[in-house]
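# An overview of the molecular structure
Each chain is listed here by its residues.
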Amino acid sequence: MEVSARPGRTEEVRQPAVRMGLLSRSNKRRLGVATAYVIVGLWALFSVFPVFWTYFSSIKTSRDVFALPPKWIFTPTLDNYKVVLGLIVPTEQETVQEEYEGAVRSRLPDYILNTVIVSASSALLTLVVGCPAAYALARSRMRGRRLILTGILVTQMIPPIVLLIPFYRIWRDAHLLDTRLGLTLAFFTLTLPFVIWMMRGFFQGVPVELEEAAMIDGASRWGALARVALPLAAPGLATTAIFTVLFTWNEFLIASVLGGEQAKLLTPSIFGYVSDRSILWGQLYAASSLVLLPVVAFTLLVQRHIVTGLTGGALKG
């Protein structure tokens, strides 16, 4: 006796299985998205925590900074900022000088002024020289253009520490050590290849027909660059300028060797709070917070323009 198949029953069994399969795939997708968010969130916290701890510790007293376990509830103070900005005179216990001679105010405001002047000057000089060079490499069809571009790209692969000894010897013979001019020229040399390579990509994104139309109306090649190409490449120009300023602001090695007490920049000046006698953690955190402040503010304000500029330069470069 043959057993007849029951298609209705089979269909009833398959439908829940199919539904369970669809539900399982949906749950897997949601689980994957949730896992990605958790990993990215943990990595963001891990990356931001040192910045948070720097600012958090800068408003603590010396006793609270050394407290173990760390104090999360305390009375905040701005004395560390007042000392590093020269608003109040530190006591003998708050200085790392080998010979304490009475009232000595912090010179950090002078170093801030040096950093602002050197950063702005090197960025301006680099853009003034780099933009015409990038425009020429983007528009001309001269022989050896690819070789020049390859040479510019290769210079970006050289670590700055390799150039440190030649820099020092040349700057010493030219009497440029411990001067703002010397630091400006050094940073100009290091950032010029980056500016040329980036701006070339932005200039290639500007339609050449617009410049030809301007020259038909009587504009020269320089006029077409100033009136057509530069305004259209303004986002790239701003992005390149921002990166140039941040590079100069954050540079430590070149600024430490080529700069001295008169032309000292912010980043090397932080080590003034560390010696064999003691480490002034409160002032060290406060000075580090002041160094980080323009970088963090700059990044938050122009992050959208930075991403757009880098994408445009990468696509056209």
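Just so you know, the residues in each chain are numbered from 1, in the order the chain's sequence is written. The model is predicted, so local features are restricted to residues of pLDDT at least 70 and side-chain atom pairs to those at 80 or more, both for listing and for counting; the totals for chains, interfaces and linings are taken over all residues. No hydrogens and no water enter the side-chain calculation; it runs on all heavy atoms of the structure.

### Brief notes about the side chain of serine 119
Put simply, the rule is: The secondary structure listing takes helices from DSSP runs of H or I that are at least 4 residues long and strands from runs of E that are at least 2 residues long, numbered from the N terminus. Each polar contact in these results corresponds to two N or O atoms within 3.5 Å; when the atoms are within protein, one needs to be able to donate a hydrogen and the other to accept it, and residues that are neighboring in sequence are counted only if both atoms are side-chain atoms.
Summarising the element assignment, serine 119 is placed in helix α4 (residues 108-139). Here the side chain of serine 119 touches threonine 115 through a polar contact of 2.7 Å, landing on its backbone oxygen.

### Some remarks on the packing of aromatic side chains
Quick reminder of the rule: When the centres of two rings from Phe, Tyr and Trp lie within 6.5 Å, Trp using its six-membered ring, the rings pair. Their planes under 30 degrees apart give stacked, over 60 give edge-to-face, and anything left gives tilted. Type-normalised accessible area, obtained with a 1.4 Å probe on protein chains alone, sets the label of each residue: buried when under 20%, exposed when over 50%, and partly exposed for intermediate values.
Under the counting rule described, the total for this entry stands at 14 aromatic pairs. Seen from their ring centres, tryptophan 281 and tyrosine 285 are 6.1 Å apart, and the 35° between their planes marks the pair as tilted. Taken together, the residues span about one helical turn, with tryptophan 281 and tyrosine 285 both in helix α13 (residues 281-316) at a distance of four residues. The class of tryptophan 281 is partly exposed, set by a relative accessible area of 32%.

### Let's talk about helix α10 (residues 234-250)
Structurally, the α-helix is built with 3.6 residues per turn, so residues lying three or four positions apart point the same way. Spelled out, the test is: Every helix has an expected span of 1.5 Å times one less than the residues it contains.
Helix length check: α10, at 17 residues, gives a terminal C-alpha distance of 24 Å against a target of 24 Å (1.5 Å per residue), a fit within 8%. Those residues of α10 that sit buried are Gly236, Thr239, Thr240, Ala241, Ile242, Thr244, Leu246, Thr248 and Trp249.

### Here we look at the nonpolar core
Put simply, the rule reads: Buried Ala, Val, Leu, Ile, Met, Phe, Trp, Tyr and Cys residues that are joined via side-chain atoms within 4.5 Å together make up what is termed a nonpolar core. Contacts are residue-level and defined by heavy atoms, with any inter-residue pair within 4.5 Å sufficient.
Of all hydrophobic cores here, the largest spans 22 residues; its most connected members are Tyr135, Ile196, Met199, Phe203 and Ala233. Looking at this core, the elements that each hand over two or more residues are α4, α5 (145-155), α7 (180-204) and α9 (221-232). Looking at this core, the element that brings in the most residues is α7, giving eight residues. Among all residues touching alanine 233, those that are not within four sequence positions of it are Met199, Phe202, Phe203 and Val206. Within the second largest apolar cluster, 17 residues are counted, among which are Leu108, Ile242, Leu284 and Val295.

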